[in-house]
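Secondary and tertiary structure notes
Each chain, written out:
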Amino acid sequence: MKVFLVLSALLFCGLGAQGIPRNGRAIACPDSFLITPCVCTLNGQQVDMTCAGLTSLKSLTDIFARTFPTNVLHSIVIQSSTLGPLPNDVFNGKSFEIISFLNNRLTSFDNTGILSSSSSNLRSLTVRQDTDDWTFNFANLQGYNLLTSLELSGYSMVLSGTLSSSSLTSVTLRSDFLAALPPLGTLPALTLLNLDGSVIASLAGNSFSSLASLSQLYLGHNKIESLSSGLMSLAASITQVDLSSNLIDTVQPNWITGVSSATSVQLVNNYISVLDQASFEGVIQSLMPSGKLLLDGNPLVCGCEVAWVVTNSAYLTVANDARCVNGTRLTNLDPNYYLQNC
């Protein structure tokens, strides 16, 4: 028993209070006084860090210049700090799977190797900051073959370079400086593209045709005014297309392809007044029988322009939320009236 107690005490001292062995090595947090104002927590065999209130870039780089018990950590959140343009390898050889920059000031990502020490491990990157002008260079993400989730959001964010990745499955980009779709390169794994809440005013034809795995596309709350022919050539995997709360008043024939009975197309709260048969019938037919074309919140004129929908119950099943400008649902209109008068 005495031998057991002595060995236990030696093991505890060798690992430290937070140490947990993994593959013969101790997983531990750095001593707290070395990383203040950052805080480190040990969650099982994962080391997580939070840094808040840093007043300079030097305060961050000094912390990560120190020797840590391990250079392979799980996550870091840097928030409410004032840093400035970040240098290459900002974490000085320490790698993370999850990196978040939240509500910082004067923090920019102009260099191209800022997160280089995490290139082999990074799975999720989030940057949200709505104050100050800042830039993110997509070249920072080249060669990050485990990265699956990217969110870049900021009132005055400017993007540079081309976004390419073999592993990204989810991308969210939002900025009041984002007036056009950013250059999209090779993104074979991308299933979700969220561009909601920017100021995108127009889209080039076939902007999304190279996204072979895309299933969810969010373009709501932008400034798009028209949907031109050939605008959206989407993958057969598409299940959600959200164009709600734009300024759309013109829809041309053949504006979207790739949708199916598994797709929901949202055009809610736009300025569409004419439900043109040439522009919408093909879409509705592709969505039948269980897909949805959501049109509520548009000022639809309900003269003979809507007869082709009102007199076809299968079409109404797909577009069952559409309302006339006076608030009457198309499903409540009398099809016999339109058969007799149109």
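The preceding data block contains the structure.
Heads up: these notes are all about the structure in this document.

Cut-off values and rules
Residues numbered from 1 in each chain as written. Predicted model: local features only at pLDDT ≥ 70, side-chain atom pairs only at ≥ 80, totals over all residues. Heavy atoms only, no water. Disulfide = S-S within 2.5 Å. Helix = DSSP H or I, 4+ residues; strand = E, 2+ residues; numbered from the N terminus. Salt bridge = Lys/Arg side-chain N within 4 Å of Asp/Glu carboxyl O. Pairing = 2+ DSSP bridges. Right-handed = clockwise from strand over helix to strand, strands pointing away.

1. Some details on the state of the cysteines
In protein chemistry, a disulfide is the covalent bond that joins the sulfur atoms of two cysteines. Across all of its chains, the model carries four disulfides by this definition. For Cys29, the disulfide goes to Cys40, at an S-S distance of 2.0 Å. As the torsion about the S-S bond is roughly -75 degrees, the Cys29-Cys40 disulfide counts as left-handed. Here the residue Cys29 occupies a position in the loop between strand S2 (25-27) and helix H2 (32-35), and Cys40 occupies one in strand S3 (residues 38-43), the gap between them amounting to 11 residues.

2. Some thoughts on the pattern of salt bridges
In total, this model carries six salt bridges according to the counting rule given. Close ionic contact of Lys58 with Asp62 constitutes a salt bridge, the shortest N to O distance being 2.7 Å. Here Lys58 and its partner Asp62 are both found in helix H3 (residues 57-65), four residues apart, which amounts to about one turn of the helix. Put simply, Arg128 and Glu151 hold a salt bridge, and the shortest N to O gap is 2.8 Å. With Arg128 in strand S7 (residues 124-128) and Glu151 in strand S9 (residues 149-153), this residue pair connects regions lying 23 residues apart in the sequence.

3. Details of the pairing of strand S4 (residues 46-52)
In summary, the side chains of a regular strand alternate between the two faces of the sheet. Sheet topology places S3 next to S4; six bridges connect them, and they run antiparallel. The partner of Cys38 across the bridge, within S4, is Cys51. Connecting the antiparallel pair S3 and S4 is a turn made up of two residues, with Gly44 showing a positive phi of about 65 degrees. When S4 meets strand S5 (residues 75-79), the two strands line up parallel, connected through five bridges. Opposite Cys51, over in S5, you have Ile78 as the bridge partner. In this view, the connection linking S4 to its parallel neighbour S5 by way of H3 has right-handed handedness.

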